[in-house]
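Examining the three-dimensional arrangement
Each chain is listed here by its residues.
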Amino acid sequence: MSPIPDFILEMREMIGHHPLWLPGVTAVITRGDGHVLLVKRSDNGAWTPVTGIVDPGEEPAVAAAREALEETGVVISVDRLAATTVLPELTYDNGDRASYLDLTFACTWLSGEAHVADDESTDVRWWPVGDLPPMSAHMASRIEAGLSDEREARFIGRTTTAEAPELLRPDRPVLGVDACPTGWVGVLLGPDGRATVHVAGSISALVTLVRQTAQPAVVAIDIPIGLPDRGARRADAEARRELVGKGSSVFPTLARSAYEAPTYELARAANLSATQGERSASAQAYALGVKVLEVDAWIRSGPGTEVIEVHPELSFARMVGAPVLERKKGDEGSRARREALRAQGLIAPAWFRGSGFAEDDLLDACAAAWSAARHDRGAAESFPAEPEVFSDGIPAAIRV
């Protein structure tokens, strides 16, 4: 039996690879002795709770019980809704795109010997809740919600009325962009205050994808824009001075000739020449050259919207009044940056492994969207105050 429901295959015949919005369920199943039922997926070998897609017209709780029986052969009671989460858009190997609304249910085993009941898993096992196997952060969070004794469901953005921030609602849609392993991740922020995630292999493809649903008035991107012919950019130096304790996060922008050099050795020589022997080119800075030149060519081609350069660490520093010193790739750093965004009215979307971008990429794109909204309403700062213009004719300044 195919793990893809027939109704999805039928829709794919009509719409091709275009994005689908699909409801899914997760069943966190316990049996009263401190164990939870997990399955080992056949597609990627990961341990997860029972998951599945809701059929058209099917009640989600009924879907959770059906999936448990089909995958593991057990009968369960579905006790309560534990959490709701919207997952960022996924692009599968065959090009299909989909976004999922997950409804996680806390469930109790009633009867049946747990076993591999279909081809979607290679193992089914009861695990002690205190000794679970390694799994993705988003799956672990679903299990945590399902095992909690909370009466009300968890959901992103839930607060008391007194604590609820006023959502950031730009007058026009804006897009924040950051580089990621897949290519580029963008966070679109619209007048409704909702942040949505978009991913594409190139910057032009990303903006084209976003334009299927909105026309961004400003695209803010974390990449150097406006490349010097000689010397260093004032934008980098001024941003570095603003980030006391985090100045190293501002990579020096190389000369255009260095980025265009075909090898790293030639890039080092080109940058030394362009800076009168004062500065070589780091391997990391040169490696960014592919992205830098991609954006440079895109801007030169006429993107049809205003494009500005931002630096997420500078944006976060402005949000909280000081540089955020926690490492952005650590849990504490992610938490601090999500809280900073939330305090500004931007609720960062949920993140999960396997999405094609890291959590810090997503949060950096959110910070870029925040700066884009500030720029669109005329409240942004510019470093330097008067942008430099080199021979490429593109104003060089970091906005926040």
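Scroll up to find the structure.
Okay, so let's go over this structure.

Considering the overall build of the chain
A tally of helices and strands in the chain yields 12 helices and 16 strands. In terms of overall size, the chain behaves like a compact globule, its C-alpha atoms giving a radius of gyration of 24 Å where 400 residues would be expected to give roughly 21 Å. Taken over the C-alpha atoms alone, the chain extends approximately 75 × 50 × 40 Å along its principal axes. Counting the 400 residues in the chain, one finds 51% classified as buried. Counting every atom, the chain has about 18,500 Å² of accessible surface; 53% of that belongs to carbon and sulfur. The centroid of the 39 positive side-chain charges in the chain is displaced by 7 Å from the centroid of its 57 negative side-chain charges.

Regarding unusual backbone geometry
F383 connects to P384 through a cis peptide bond whose omega is 0°. Here P384 is to be found in strand 15 (residues 382-389). In this structure, Q276 is a non-glycine residue whose phi angle is positive, near 55°. Mapped onto the fold, Q276 is located in the loop between helix 7 (264-274) and helix 8 (283-287). Judged by its relative accessible area of 57%, Q276 is exposed.

Topic: the pairing of strand 5 (residues 75-86)
Sheet topology note: the strand 5/strand 7 (residues 97-111) ladder contains 10 bridges and is antiparallel. Paired with R80 across the bridge in strand 7 is A106. Relative to strand 9 (residues 154-155), strand 5 runs parallel, the two sharing two bridges. Bridging across to strand 9, T84 finds its partner in F155.

Considering the packing of aromatic side chains
Two numbers describe a pair of aromatic rings. These are the distance of the centres and the angle of the planes. Here the structure, examined in full by the defined rule, presents two aromatic pairs. Ring centres of W47 and W127 lie 5.2 Å apart, and the angle between their planes is 75°; on these two criteria the pair is classed as edge-to-face. Pair noted here: W47 is in strand 3 (residues 47-48) and W127 is in strand 8 (residues 121-128), with a separation of 80 residues, a long-range link. Residue W127 is classed as buried on the basis of its relative accessible area, which comes to 14%. Here the aromatic rings of Y264 and Y286 are separated by 5.9 Å at their centres, their planes lie at 35°, and the arrangement is tilted. One end of the pair, Y264, is in helix 7; the other, Y286, is in helix 8, and 22 residues separate them in sequence. Directly above the aromatic system of W184 lies the positively charged group of K291, at a separation of 4.7 Å from the ring centroid. R337 extends its terminal NZ or CZ atom over the ring of F316, reaching a point 5.7 Å from the ring centre.

As for the pattern of salt bridges
Any two side chains of opposite charge can pair, given that their charged atoms come close. What the rule picks out here adds up to 30 salt bridges. The closest approach of N and O atoms between R66 and D55, which form a salt bridge, is 3.8 Å. Here R66, found in helix 2 (residues 60-72), pairs with D55, found in the loop between strand 4 (50-53) and helix 2; they are 11 residues apart in sequence, far enough to count as distant. Two residues, R66 and E67, come together in a salt bridge whose shortest N-O distance is 3.2 Å. Taking the relative accessible area as the measure of exposure, E67 reaches 7% and is therefore buried. Through salt bridges with shared partners, one network takes in D55, E58, R66, E67 and E70.

Details of the side chain of D236
Along the chain, the position of D236 falls in helix 5 (residues 234-242). Apart from the residues lying within four places of it in its own chain, the contact partners of D236 are V250, F251, P252, T253 and I398.

Focus: the nonpolar core
F316, L341, L346 and F357 are the most contacted members of the largest nonpolar core, which totals 43 residues. With 10 residues, helix 12 (residues 359-376) is the largest single contributor of residues to this core. Counting residues in hydrophobic clusters, the runner-up holds 30 residues, among them L227, Y286, W298 and I299.

Structural notes on the environment of W298
As for its position among the elements, W298 is in helix 9 (residues 289-300). A relative accessible area of 9% means that W298 is categorised as buried. The spatial distance from the C-alpha of W298 to the C-alpha of S204 is 6.8 Å, given a sequence separation of 94 residues. Beyond its immediate stretch of four places on either side in the chain, W298 contacts I203, S204, V207, V219, P303 and V307.

Things to note about the packing of helix 11 (residues 331-343) against helix 12
In the contact formed by helix 11 and helix 12, the axes pass within 11 Å of each other and the chain directions differ by 25°. Relative to helix 12, helix 11 is oriented roughly parallel. When the axes of helix 11 and helix 12 are compared, the crossing they make is left-handed. On helix 12, the residues that touch S334, R337, R338 and L341 of helix 11 are E359, L362, L363, C366 and A367. Grouping the constituent residues of the contact of helix 11 with helix 12 by class yields five nonpolar, one polar and three charged.

Looking at the side chain of D96
Here D96 shows up in the loop between strand 6 (90-91) and strand 7. The buried category is assigned to D96, whose relative accessible area is 14%. For D96, the side chain forms a polar contact with the side chain of H17, separated by 2.7 Å. Beyond its immediate chain neighbours, meaning those up to four positions away, D96 contacts R12, G16, H17, L90 and T91.

Definitions and cut-offs
Note on numbering: residues in each chain are counted from 1, in written sequence order. At least 70 in pLDDT is required for a residue's local features to be given in this predicted model, at least 80 for side-chain atom pairs to be given and counted, and no such filter applies to totals for whole chains, interfaces and linings, which use all residues. Only hydrogens and water are set aside; all other atoms, that is, all heavy atoms of the structure, feed into the side-chain values. Where helices and strands are cited, they refer to DSSP runs of H or I of at least four residues and of E of at least two residues respectively, numbered from the N terminus. Throughout, radius of gyration means the C-alpha value; the globule benchmark is 2.2 Å times the number of residues raised to the power 0.38. Per-residue accessibility, obtained with a 1.4 Å probe over protein chains only, is compared with the maximum for each type, and a residue is labelled buried under 20%, exposed over 50%, and partly exposed between these values. To be clear on the numbers: accessible area is Shrake-Rupley with a 1.4 Å probe, and residue cover counts the displayed protein chains and nothing else. Here Asp and Glu are counted as negative and Lys and Arg as positive; His is not counted, and neither are the chain ends. Just so you know, the charge point we use is NZ for Lys, CZ for Arg, CG for Asp and CD for Glu. Any two strands with at least two DSSP bridges between them are considered paired. Note on ring pairs: Phe, Tyr and Trp rings are taken, using the six-membered ring of Trp, and paired if centres are within 6.5 Å. Classes follow the plane angle, with under 30 degrees stacked, over 60 edge-to-face and the rest tilted. A ring has a charge above it when a Lys NZ or an Arg CZ is no more than 6 Å from the ring centre and no more than 35 degrees off the ring normal. By definition here, a salt bridge exists when the distance from a side-chain nitrogen of Lys or Arg to a carboxyl oxygen of Asp or Glu is within 4 Å. Every residue pair with non-hydrogen atoms within 4.5 Å of one another is taken to be in contact. As used here, the term nonpolar core means buried Ala, Val, Leu, Ile, Met, Phe, Trp, Tyr and Cys residues forming a set that is joined through side-chain atoms within 4.5 Å. Axes, fitted as lines to C-alpha atoms, cover a helix only where it is in contact. Angles between the N-to-C directions of the axes lie from 0 to 180 degrees. We call two directions roughly parallel when the angle between them is under 35 degrees, roughly antiparallel when it is over 145, roughly perpendicular when it lies between 65 and 115, and oblique otherwise. Two helices crossing with the near one rotated counterclockwise from the far one by less than a right angle form a left-handed crossing, whereas a clockwise rotation gives a right-handed crossing. Lys, Arg, Asp and Glu make up the charged group, whereas Ala, Val, Leu, Ile, Met, Phe, Trp, Tyr, Cys and Pro make up the nonpolar group; the residues left over, Gly among them, are polar. Any pair of nitrogen or oxygen atoms within 3.5 Å is treated as a polar contact; in protein, a donor-acceptor pairing is required on top of that, and neighbouring residues in sequence qualify only through side-chain atoms on both sides.

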